[in-house]
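Here is how the chains run, residue by residue.
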Amino acid sequence: MNPQNILNADLHCHSVVSDGTMTPEALAERAKINGVELWALTDHDEIGGQHRAAAAARAQGMAYLTGTEISVTFAGETVHIVGLGFDPDNEALKQGLYNTRNGREQRAREMSDSLAKVGIHGAFEGALKFVGNPELISRTHFARHLVESGICKETNEVFRKYLTEGKPGYVPHRWATLKDAVTWITQAQGIAVIAHPGRYNFSANAEYALFTEFKEHGGRGVEVVTGSHTKQEFIKYAETAKEFGLGASRGSDFHSPDESHTDLGTLPFLPGDLTPVWELVAGRIQA
Ligand code: AMP
Ligand code: MN
Ligand code: MN
Ligand code: MN
């Protein structure tokens with residue numbers, strides 16, 4: 001057993017800078033209380049919270065890695081790529097993320113138009129009330145609005161009935177390419193990690209292609225222990241990590257105390273025979 005594997009690292013969560021409900025400072029405090037020893041804030045397509053998160057971690061006496069979660073379109077599906085340990089002031093990374101965020105407002109207006117056709121009016125304005133960053137309006141903000149207005153009981157139900165493929169509020173969107181996302185992160189001295197692979201609806205062949213191309217572009221890790229994996233998926237993706245020679249990551253994907261079933265720092269440790277991603281970016285950890 002590598003002693004590094006029993007580190008309470010939580011390298012995936014969201015703040016008000018994307019679709020979480022807590023500030024970077026409040027998340028840092030919650031992580032510390034929950035025993036997190038190494039933390040990363042990974043807002044969607046956005047690194048505007050990184051300096052605040054790093055300062056908050058330092059104030060809590062908690063080690064920090066910079067983070068983000070980039071939306072990618074691969075083989076017609078949305079895939080999320082987590083970046084860790086990059087330079088948050090890197091211009092090419094900042095520009096790439098800006099471009100990735102750019103279509104979100106238009107997409108949100110189309111989602112709202114499409115919800116109006118099934119009798120749900122004013123969803124764009126409603127969702128905006130939950131948005132903390134005007135450049136980052138997401139499906140989560142629509143979900144919160146539909147719950148608040150009593151149309152659904154909880155956000156999961158909104159996704160199931162309205163916001164997923166084939167449902168009335170779903171608008172397909174073209175995100176960054178896999179190659180661009182991995183390259184932006186890597187050129188900024190970070191490492192790229194495939195987020196929650198168990199969540200994608202890929203065939204075995206398409207999943208193999210994802211991991212193969214990800215490696216070819218310079219990707220280094222995969223989330224094995226995440227809030228959205230079952231125990232069976234911990235085992236499955238531990239095998240995939242070894243098969244592809246990838247480092248393993250651990251992260252709750254915490255968004256909100258009211259919505260997230262996995263709290264910061266509460267997941268099982270990484271299996272002992274994997275290389276943790278924090279060994280691959282050891283030099284980039286802010287103590
Ligand atoms: P977007 O980037 O606007 O497509 O929104 C994606 C976000 O929606 C994810 O990061 C999750 O936070 C949230 N999400 C996706 N699917 C679900 C679901 N079934 N239940 C709750 N939240 C979800
Ligand atoms: Mn999210
Ligand atoms: Mn994700
Ligand atoms: Mn996430």
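Residues numbered from 1 in each chain as written. Chains lettered and ligands numbered in written order. Predicted model: local features only at pLDDT ≥ 70, side-chain atom pairs only at ≥ 80, totals over all residues. Heavy atoms only, no water.

(A) Fine view of the confidence of the model for the protein. Of all residues in the protein, 100% attain a pLDDT of 70 or more, and the chain-wide mean is 98. Here helix α7 (residues 155-163) is the element of the protein with the lowest mean pLDDT, 97, and strand β6 (residues 191-194) is the one with the highest, 99. (pLDDT = per-residue confidence, 0-100. Helix = DSSP H or I, 4+ residues; strand = E, 2+ residues; numbered from the N terminus.)

(B) Highlighting the site of ligand 1. Neighbouring residues of ligand 1: Asp-19, His-44, Arg-104, Arg-107, Ser-138, Arg-139, Thr-140, Asn-156, Phe-159, Arg-199 and His-255. Interatomic distance of 3.0 Å between a side-chain N/O atom of Arg-104 and an oxygen atom of ligand 1. With respect to ligand 1, the side chain of Arg-107 contributes an N or O atom lying 2.7 Å from an oxygen atom. Relative to its unbound accessible area of 500 Å², ligand 1 is 80% covered by the protein chains. Going through the elements one at a time, α4 (104-116), α6 (139-148) and α7 are the ones with two or more residues in the shell around ligand 1. Structurally, the shell around ligand 1 is a two-domain feature, drawing no fewer than three residues from each of domain 1 (7-100 + 175-284) and domain 2 (104-161). (Near = heavy atom within 4 Å. Polar contact = N/O pair within 3.5 Å; in protein donor to acceptor, adjacent residues only side chain to side chain. Areas by Shrake-Rupley, 256 points an atom, 1.4 Å probe, with all protein chains shown as cover. Domains from an automatic or database assignment.)

(C) Molecular detail of the nonpolar core. If you look at the biggest cluster of nonpolar residues, it comprises 51 residues, and the most contacted ones within it are Leu-11, Val-72, Ile-81 and Val-224. Here Ile-81 is in contact with Thr-68, Glu-69, Ile-70, Val-72, Leu-178, Ile-185, Ala-192, Val-193, Ile-194 and Phe-214, once residues within four sequence places are set aside. Counting 17 residues, the second largest nonpolar core, distinct from the first, contains Ile-137, Ala-143, Leu-146 and Val-171. (Core = buried A, V, L, I, M, F, W, Y, C linked by side-chain atoms within 4.5 Å. Buried < 20%, exposed > 50% of the residue type's maximum accessible area, 1.4 Å probe, protein only. Contact = heavy atoms within 4.5 Å.)

(D) Spotlight on the sheet that holds strand β8 (residues 247-251). Taken together, 5 strands build an open sheet; the order of strands is β4-β5-β6-β7-β8 and the sheet is mixed. Whereas interior strands pair on both sides, the edge strands pair on one side only; in this sheet they are β4 (67-74) and β8. Ignoring strand direction, the axes of neighbouring strands in this sheet form an average angle of 40°. The sheet contact formed by strand β7 (residues 221-226) and β8 spans 5 bridges and is parallel. Each residue of the ladder has a partner; that of Val-222, found in β8, is Ala-248. Across the sheet, helix α9 (residues 204-216) touches β4, β5 (77-84), β6 and β7, and the angle it forms with β6 is around 175°. (Pairing = 2+ DSSP bridges. Axes fitted to C-alpha atoms, helices over the stretch in contact; angles between N-to-C directions.)

(E) Structural view of the coordination of the manganese ion (ligand 2). For the manganese ion (ligand 2), the full set of protein donor atoms is Asp-19 (OD), His-44 (NE2) and His-255 (NE2), at a range of 2.2 Å. Counting residues between consecutive donors of the manganese ion (ligand 2) along the chain gives the motif D-x24-H-x210-H. Separating the manganese ion (ligand 2) and the manganese ion (ligand 3) is a distance of 5.7 Å. One end of the pair, Asp-19, is in the loop between β1 (9-10) and α1 (24-33); the other, His-44, is in the loop between β2 (38-39) and α2 (50-60), with 25 residues separating them in the sequence. You can call His-44 buried: its relative accessible area is 8%. (Donors = N, O, S within 2.8 Å, 3.2 Å for Na, K, Ca; no water.)

(F) Just the coordination of the manganese ion (ligand 3), in detail. Of the protein atoms, only Glu-69 (OE), His-80 (ND1) and His-196 (NE2) coordinate the manganese ion (ligand 3), at distances of 2.1 to 2.2 Å. Each donor residue of the manganese ion (ligand 3) belongs to the same chain, and together they define the spacing E-x10-H-x115-H. Classification of His-196 as buried rests on a relative accessible area of 1%.

(G) Spatial organisation of a nonpolar patch on the surface. Taken together, the side chains of Met-1, Ile-6 and Phe-269 define a hydrophobic patch exposed on the protein surface, amounting to about 350 Å² of accessible area. With respect to the element layout, Phe-269 can be found in the loop between β8 and α11 (277-280). Taking the relative accessible area as the measure of exposure, Phe-269 reaches 43% and is therefore partly exposed. (Patch = residues over 30% accessible without salt bridge, like charges linked within 9 Å, V, L, I, M, F, W, Y side chains within 5 Å. Salt bridge = Lys/Arg side-chain N within 4 Å of Asp/Glu carboxyl O.)

(H) Broad picture of the packing of α9 against helix α10 (residues 231-244). One way to put it is that α9 packs onto α10 with a least axis distance of 11 Å and a crossing angle of 45°. The pairing of α9 with α10 is recorded here as oblique in orientation. Note on packing geometry: the crossing formed by α9 with α10 is right-handed. Every residue of α10 that contacts α9 at Glu-207, Tyr-208, Phe-211, Thr-212 and Lys-215 is listed here: Lys-236, Tyr-237, Thr-240, Glu-243 and Phe-244. For the contact of α9 with α10, the residue count by class is 4 nonpolar, 2 polar and 4 charged. (Parallel < 35°, antiparallel > 145°, perpendicular 65-115°, else oblique. Left-handed = near helix turned anticlockwise from the far one by under 90°. Nonpolar A, V, L, I, M, F, W, Y, C, P; charged D, E, K, R; others polar.)

(I) Just unusual backbone geometry, in detail. For Ala-75, which is not glycine, the phi dihedral falls at a positive 50°. The residue Ala-75 is located in the loop between β4 and β5 in this model. Here Ala-75 falls in the exposed class, since its relative accessible area comes to 59%. Here the phi dihedral of His-196 falls at roughly 25°; this positive angle occurs in a residue that is not glycine. You can see His-196 is positioned in the loop between β6 and α9.

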